[in-house]
Amino acid sequence: MKLISIISPVYNEEKNVSLFFDELSAILLQLPEYAFEIIFVNDGSNDASGDEIEKLVKSHENVKHVEFSRNFGKEIAITAGIHNCNGDACIMIDADLQHPIELIPEFINKWENGADVVVGVRKTNSGEGIIKKVGSILFYKIINNIAEIQVLPNATDYRLLDRCVINEFNRFTESSRMTRALIDWLGFRREYIYFHARKRLHGEASYNFWKLLKLALSSFISLSLLPLKLAGYLGTLITLISGLAGFYILLGKYFFHTPFASTFSDAENLAILIVFLVGIILMSVGLIALYIANIHAEVINRPMYVVRKVSNKIENK
Ligand code: UDP
Ligand code: MG
């Protein structure tokens, strides 16, 4: 019998956990030919989510609770779930009931038909603000222009991964990460499932504007070296322009005595010289940045998350 791991990140979802579990159980009952394990990664919730999950652990052998020592963010929570799963495939799904649980059989179906990665793509998100919408359009425009890989707009974290993808995914060590971008980077045979996201049932979306902006920035930085190289480009541009201008004025004023070049005062000449030097400094910064980029790629080695405890009925016995 094939084992499928359901991975669900939980951050302050006390009202959603048991509802989610009930809906999930109902769907999984329709798939008796598979065994399931359900992994809740409790991402440092400060409400009763942990207790709700513990209740499920006590009454169900296939529920696992991975509890973080603090909030590490959804990207890391999903990652921990993937690290801790034993399935032949895993399905990651939000605990807030926004990802339609009833599509799980479809994900499994596509997997059985040969897909290594099945990606849930959102068509609409009921109740999403204009800032989030515009922000996400901008984000995908920019990242697809500067990143090394293509990121499909509206592709969500609602995904199924085959064991071979899980094993490769587990080799990533960076802790500043956007999980779905890393999965896209891996490649493999992929299939897509389109869905309408539901409204959040209880609680607030904890991804507010700033959290999303931070995620966007860290994705730019981890997927592209452009921000780092920017100083270098800027410096080259400034050096070129001010260098040419300085050269023109110098020759015009002291050798050819052209009227236009002679109108520049000493102060203005000095200003051009300073701008030229700033350009050179920025170019050097850009060069240093390239070295930092290499070091950055090598040293990211801090533990990604800290687990307070893992509880599971069978393992606890
Ligand atoms: N989540 C998490 N850690 C966080 C924020 C969110 O584990 O720091 C979980 C949350 O409990 C939910 C999922 O990630 O199951 C999606 O979060 P949310 O609904 O806030 O994001 P959105 O639906 O706006 O993408
Ligand atoms: Mg949500």
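Criteria and cut-off values
- Residues numbered from 1 in each chain as written.
- Chains lettered and ligands numbered in written order.
- Predicted model: local features only at pLDDT ≥ 70, side-chain atom pairs only at ≥ 80, totals over all residues.
- Heavy atoms only, no water.
- Helix = DSSP H or I, 4+ residues; strand = E, 2+ residues; numbered from the N terminus.
- Rg over C-alpha atoms; globule rule 2.2 N^0.38 Å.
- Buried < 20%, exposed > 50% of the residue type's maximum accessible area, 1.4 Å probe, protein only.
- Contact = heavy atoms within 4.5 Å.
- Areas by Shrake-Rupley, 256 points an atom, 1.4 Å probe, with all protein chains shown as cover.
- Phe/Tyr/Trp six-rings, centres within 6.5 Å; stacked < 30°, edge-to-face > 60°.
- Lys NZ or Arg CZ within 6 Å of the ring centre and 35° of its normal.
- Right-handed = clockwise from strand over helix to strand, strands pointing away.
- Pairing = 2+ DSSP bridges.
- Donors = N, O, S within 2.8 Å, 3.2 Å for Na, K, Ca; no water.
- Core = buried A, V, L, I, M, F, W, Y, C linked by side-chain atoms within 4.5 Å.
- Salt bridge = Lys/Arg side-chain N within 4 Å of Asp/Glu carboxyl O.
- Lys, Arg positive; Asp, Glu negative; His and termini not counted.
- Patch = residues over 30% accessible without salt bridge, like charges linked within 9 Å, V, L, I, M, F, W, Y side chains within 5 Å.

Chemist: Can you help me understand the overall build of the protein chain in this one?
Modeler: Regarding its fold elements, the protein chain presents 12 helices and 8 strands. Against the 2.2 N^0.38 benchmark of 20 Å for 317 residues, the protein chain shows a C-alpha radius of gyration of 26 Å, more extended than a compact globule. Dimensions of the protein chain, computed from C-alpha atoms along their principal axes, come out at roughly 90 × 35 × 35 Å. Among the 317 residues that make up the protein chain, the fraction classed as buried is 44%. In the protein chain, the share of contacts with a sequence separation of at least 24, taken over all contacts with a separation of at least 6, comes to 82%. Carbon and sulfur atoms make up 63% of the accessible area of the protein chain, which totals about 16900 Å².

Chemist: Would you take a moment to explain the packing of aromatic side chains for this structure?
Modeler: When we look at a pair of aromatic rings, we describe it by the centre distance and by the angle of the planes. Tallied over the entire structure, the rule returns 10 aromatic pairs. Note on Phe169 and Phe172: the rings are 5.8 Å apart at their centroids and 75° apart in plane angle, and the pair reads as edge-to-face. Phe172 carries the same exposure label as Phe169, and that label is buried. Measuring from centroid to centroid gives 5.5 Å for Phe260 and Phe264, while their planes differ by 85°, and the two rings are edge-to-face. Three or more aromatic residues joined by ring pairs make a cluster, and in this case those are Phe107, Tyr158 and Phe195. It is Lys2 that lies over the ring of Trp111; its NZ or CZ is 5.1 Å from the centre. When the ring centre of Phe72 is taken as origin, the NZ or CZ atom of Arg70, which lies over that ring, is 3.9 Å away.

Chemist: Where do I start with the pairing of strand 1 (residues 2-10) in this structure?
Modeler: Moving residue by residue along a regular strand, the side chains alternate between the two faces of the sheet. Within strand 1, 7 of the 9 residues are buried, which leaves the element mostly enclosed by the surrounding structure. Taking the sense of rotation as the criterion, the β-α-β connection linking strand 1, helix 1 (residues 17-29) and strand 2 (residues 34-42) turns out right-handed. Pairing analysis gives 4 bridges linking strand 1 to strand 4 (residues 89-92), with the strands arranged parallel. Counterpart to Ile6 in the pairing with strand 4 is Ile91.

Chemist: What exactly am I supposed to notice about the coordination of the magnesium ion (ligand 2) here?
Modeler: Geometry sets the ideal angles at a metal, namely 109.5 degrees for four tetrahedral donors and 90 or 180 degrees for six octahedral donors. Distances from the magnesium ion (ligand 2) to its protein donors, Asp96 (OD) and Gln98 (OE1), fall at 1.9 Å. Gln98 shares its class with Asp96; the two are buried.

Chemist: I would appreciate a short explanation of the environment of Ala197 in the present structure.
Modeler: On the secondary structure map, Ala197 appears in strand 7 (residues 190-197). Each C-alpha atom, one on Ala197 and one on Ile221, is 29 Å from the other, the two residues being 24 residues apart in sequence.

Chemist: I'm lost on the environment of Gly114 in this one. Help?
Modeler: Mapped onto the fold, Gly114 is located in the loop between helix 4 (104-112) and strand 5 (117-125). Given a relative accessible area of 29%, Gly114 falls into the partly exposed group. Separated by 75 residues in sequence, Gly114 and Arg189 place their C-alpha atoms 7.8 Å apart.

Chemist: Looking at this structure, how should I read helix 7 (residues 179-186)?
Modeler: Three- or four-residue spacings in an α-helix give side chains the same orientation, since the helix completes a turn every 3.6 residues. Among the 8 residues that make up helix 7, 7 are buried, leaving the element largely enclosed by the rest of the structure. Residues Thr179, Arg180, Ala181, Leu182, Ile183, Asp184 and Leu186 constitute the buried set of helix 7. Looking one or two residues past helix 7, Gly187 carries a phi angle of roughly 85°, positive in sign.

Chemist: Just to check I follow, could you spell out the nonpolar core for this structure?
Modeler: The nonpolar side chains of a soluble globular protein tend to be buried with one another. Within the largest apolar cluster, 36 residues are counted, with the highest numbers of intra-cluster contacts made by Ile6, Phe40, Ile91, Ile104 and Ile108. Among the elements of the structure, strand 1, helix 1, strand 2, helix 2 (49-59), strand 4, helix 4, strand 6 (155-162) and strand 7 are those that each provide at least two residues to this core. Of the residues forming this core, the biggest block, 6 residues, is contributed by helix 1. Excluding its chain neighbours within four sequence positions, the residues that come into contact with Ile104 are Ile6, Leu24, Ile27, Leu28, Leu31, Ile91 and Tyr158. One finds Ile76, Ile82, Val117 and Ile166 within the second-largest nonpolar core, a separate group that totals 27 residues.

Chemist: I keep staring at the pattern of salt bridges and nothing clicks. Help me out?
Modeler: Charged atoms that come close allow side chains of opposite charge to pair. The final tally for this structure, using the stated rule, is 10 salt bridges. Among the salt bridges present, the one from Asp184 reaches Arg159, with a minimum N-O distance of 3.3 Å. You can see Asp184 sitting in helix 7 and its partner Arg159 sitting in strand 6, a full 25 residues away along the chain. Neither residue differs from the other here; Asp184 and Arg159 are each classed as buried. Arg190 is the salt-bridge partner of Asp184, the closest N and O atoms lying 3.0 Å from each other. For Asp184, a relative accessible area of 14% gives the class buried. Each of Lys74, Asp94, Asp157 and Arg180 takes part in salt bridges that share partners, so that together they form one network.

Chemist: Looking at this structure, how should I read the side chain of Asp162?
Modeler: Along the chain, the position of Asp162 falls in strand 6. Here Asp162 is buried and forms no salt bridge, its nearest opposite-charge partner Arg163 lying at an N-O distance of 7.3 Å. If we ignore the near neighbours within four places in the chain, the residues touching Asp162 are Asp88, Ala89, Trp111 and Asp116.

Chemist: Just to check I follow, could you spell out a nonpolar patch on the surface for this structure?
Modeler: On the surface, a cluster of nonpolar side chains totalling about 940 Å² of accessible area is made up of Ile130, Ile131, Val134, Leu138, Ile142, Phe209, Trp210, Leu213 and Leu217. Broken down by secondary-structure element, the contributors of at least two residues to the nonpolar patch are helix 5 (130-146) and helix 8 (209-223). Element by element, the count of residues in the nonpolar patch is highest for helix 5, at 5 residues.

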